[in-house]
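# Architecture at a glance
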Amino acid sequence: MGYKIALIRGDGVGPEVVSSAVQVLSEIGFYADYVEIRAGLSLFKEMGKPLEEVELSKIKECDAALKGPIATLLGPGTYTSVNVLLRKYFNLYVNFRPFENLVNEKYPYFNFIIFRENTEELYTGAEWNFGEASVALRVITKKATQKIVSYSFNYALKNDRKRVTVVHKANILKETDGLFRDTFFEESKKYPLQADEIIVDSAAYQLVKNPEQFDVLVTPNLYGDILSDLAAGLVGSLGLCGSANIGDKYAIFEPVHGVAWDIAGKGIANPIGAILSSSYLLDWLSEKHNDKRLAKYSKVISLAVKNVLKLKKFTKELGGNLTTEDLTKLIITETKKVEAIF
Ligand code: IPM
Ligand code: MG
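In this text, all values refer to a predicted model and were calculated from it rather than measured experimentally. (Residues numbered from 1 in each chain as written. Chains lettered and ligands numbered in written order. Predicted model: local features only at pLDDT ≥ 70, side-chain atom pairs only at ≥ 80, totals over all residues. Heavy atoms only, no water.)

### Here's the deal with the site of ligand 1
With respect to spatial proximity, the complete set of residues near ligand 1 consists of Thr 72, Ser 81, Asn 83, Val 84, Arg 87, Arg 97, Arg 116, Tyr 123 and Asp 225. At a separation of 2.7 Å, an oxygen atom of ligand 1 approaches a polar side-chain atom of Arg 87. A distance of 2.8 Å separates an oxygen atom of ligand 1 from a polar side-chain atom of Asp 225. Among the elements that make up the shell around ligand 1, the one with the highest residue count is helix α4 (residues 82–89) (three residues). In terms of residue class, the shell around ligand 1 is built from two nonpolar, three polar and four charged. Built from parts of two domains, the shell around ligand 1 gets at least three residues from each of domain 1 (1–97 + 236–342) and domain 2 (104–235). (Near = heavy atom within 4 Å. Polar contact = N/O pair within 3.5 Å; in protein donor to acceptor, adjacent residues only side chain to side chain. Helix = DSSP H or I, 4+ residues; strand = E, 2+ residues; numbered from the N terminus. Nonpolar A, V, L, I, M, F, W, Y, C, P; charged D, E, K, R; others polar. Domains from an automatic or database assignment.)

Below, the structure is given as C-alpha cells:
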C-alpha cells in the first residue's frame, strides 16, 4: 500500500534534518508520496501568516506527517506557535519522547520515556494583560488527562515496561495538578503495573542524580516540555532525540530540538533526532495499518542509529566533525547491514 506523508520541513536546520530522514526512509525501501507543507517563519515573512488554512487540509489527507522545527517568536502580539497549533488542531494529545543513554559516559545506561500531555494546560494561549498584571488560564481536564494517562499505561504494558510515574505539583496546584494526579491513580487500577508519583521539582533533581531509576513518566504539558529538554541534556544532545505527537487519527513526528539558527544552512546539524522520529513514524503506521513490514523498517533504523553511535563519530555539538550528510550516510550504510539480520 502506498502511504502519503506530509513533510513540514520547517525553519532553521529543519530542512536539512528532514531531508536526511527522508533519505534514510527511501534507502530502506519505504516509498511514500510526499506532500510538501509550507509553514514557519519564512512563510510568515512572505505571506504574513506562518501557516495557511489549506495546508491543514493537505495534512489531513496524509497518513502521517514528518516535521522539522518551526520558529516560535517571543512576547505579546507575535503569531501563535505553529507547533502548538498543529497539536491542538489535530488533537495530538500524546507527546511521546523516549530517552535512552547511548553516548553520555557521565551517566550509566538509562532508558525512559516521557509522555507529555500535548493539548492543554498552559499551552492554550488563554492569557490577558491588565496593564500592570498579566494572567494565564491553566486548564487541566479529566478527559485529556485520561487520554494521555491511558495511552501511557497501554504503551507501558505493550512494551514490557514495569513502572509508570506521574509528575505533578499537586502540593501547590491542588485543583489542577490534583485532578491530573487523581485521574492518573484512578486509571492506574486498570493495569498490572507499578504506578507511583513524583513532585516535579524532585523529578528534575532525581533525573539529574539517578535517571536510571525511571521507566515511564507522565506529565502535564509544561513540565513535560521542560523535563524533556533536561532529559535531552542527559543523553548528551537535543540533536539525538526524536519524538511523536499522536492522536486517535493523526500523528506528527519531529525531532525534539529547535531551529538552531546558529548552525542553520551549514550542513552540520545532527540528523539523528529526525531519523529516529521517522522510525517512530514507521512504527505508528505499522500498527495503524497492521503493516508488519514497516515495524521491521522501524527497528532497522533504530538499531542502525544505535550501532553508528557506538562508533563514537559525532556531529559538532557532540564534539565530532561529521557533517549532517556524513552521519546520514553512515546510518544508511548501517541499515543495509542490520537488515540482513532481520
Ligand atoms: C517542544 C518545543 C515547543 C513546546 C515550542 C517550540 C512551542 O519546545 O516541542 O518541546 O514548547 O512544546
Ligand atoms: Mg520544548
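Okay, back to it.
### Focus on the pattern of salt bridges
Two side chains that carry opposite charge are able to pair once their charged atoms sit near each other. Scanning the entire structure with this criterion turns up 24 salt bridges. Note that Asp 196 is salt-bridged to Arg 163, the shortest N-O span being 2.7 Å. On the criterion of sequence distance, the pair formed by Asp 196 in strand β9 (residues 194–199) and Arg 163 in strand β8 (residues 163–168) is long-range, its members being 33 residues apart. Here Arg 163 falls in the buried class, since its relative accessible area comes to 17%. One salt bridge connects Lys 169 with Asp 201, and the closest N-O pair in it is separated by 3.2 Å. Residue Lys 169 is found in the loop between β8 and α6 (176–188), and its partner Asp 201 is found in helix α7 (residues 200–209); the two are separated by 32 residues along the sequence. Taking relative accessible area as the criterion, Lys 169 reaches 19% and is therefore assigned buried. Members of the salt-bridge network, linked through shared partners, are Lys 67, Arg 87 and Glu 254. (Salt bridge = Lys/Arg side-chain N within 4 Å of Asp/Glu carboxyl O. Buried < 20%, exposed > 50% of the residue type's maximum accessible area, 1.4 Å probe, protein only.)

### Notes on α4
Listing the buried residues of α4 in full gives Val 82, Asn 83, Val 84, Leu 86 and Arg 87. Backbone geometry just after α4 places Asn 91 at a positive phi near 45°.

### Notes on the pairing of β8
In terms of burial, β8 is largely enclosed, as six of its six residues are buried. Along β8, one buried face is formed by Arg 163, Thr 165 and Val 167 and the opposite face, lined by Val 164, Val 166 and His 168, is buried too. Bridge count between β8 and β9: six bridges; the pairing is parallel. The residue of β9 that forms the bridge with Thr 165 is Asp 196. In this fold, β8 hands off to α6, which returns the chain to β9; that crossover is right-handed. In this sheet, strand β10 (residues 216–219) lies alongside β8 in parallel orientation, the contact comprising three bridges. Along β10, the bridge assignment pairs Thr 165 with Leu 217. (Pairing = 2+ DSSP bridges. Right-handed = clockwise from strand over helix to strand, strands pointing away.)

### Re the side chain of Asn 118
In this fold, Asn 118 is placed in the loop between β5 (111–117) and β6 (127–130). The class of Asn 118 is buried, set by a relative accessible area of 3%. At a separation of 3.1 Å, a polar atom in the side chain of Asn 118 contacts the main-chain carbonyl oxygen of Leu 92. Non-local contacts of Asn 118, meaning those with residues more than four positions away in its chain, are made with Arg 87, Leu 92, Tyr 93, Val 94, Asn 95, Asn 221 and Asn 245. (Contact = heavy atoms within 4.5 Å.)

### Topic: the domain arrangement of the chain
For the chain, the assigned domains are domain 1 (1–97 + 236–342) and domain 2 (104–235). Placing a centre on the C-alpha atoms of domain 1 and another on those of domain 2 gives a separation of 23 Å. Counting residues at the interface gives 21 residues for domain 1 and 24 residues for domain 2. The junction of domain 1 with domain 2 conceals about 1,900 Å² of combined surface from both sides, 52% of it contributed by carbon and sulfur atoms. (Buried area = accessible area lost by both parts, 1.4 Å probe.)

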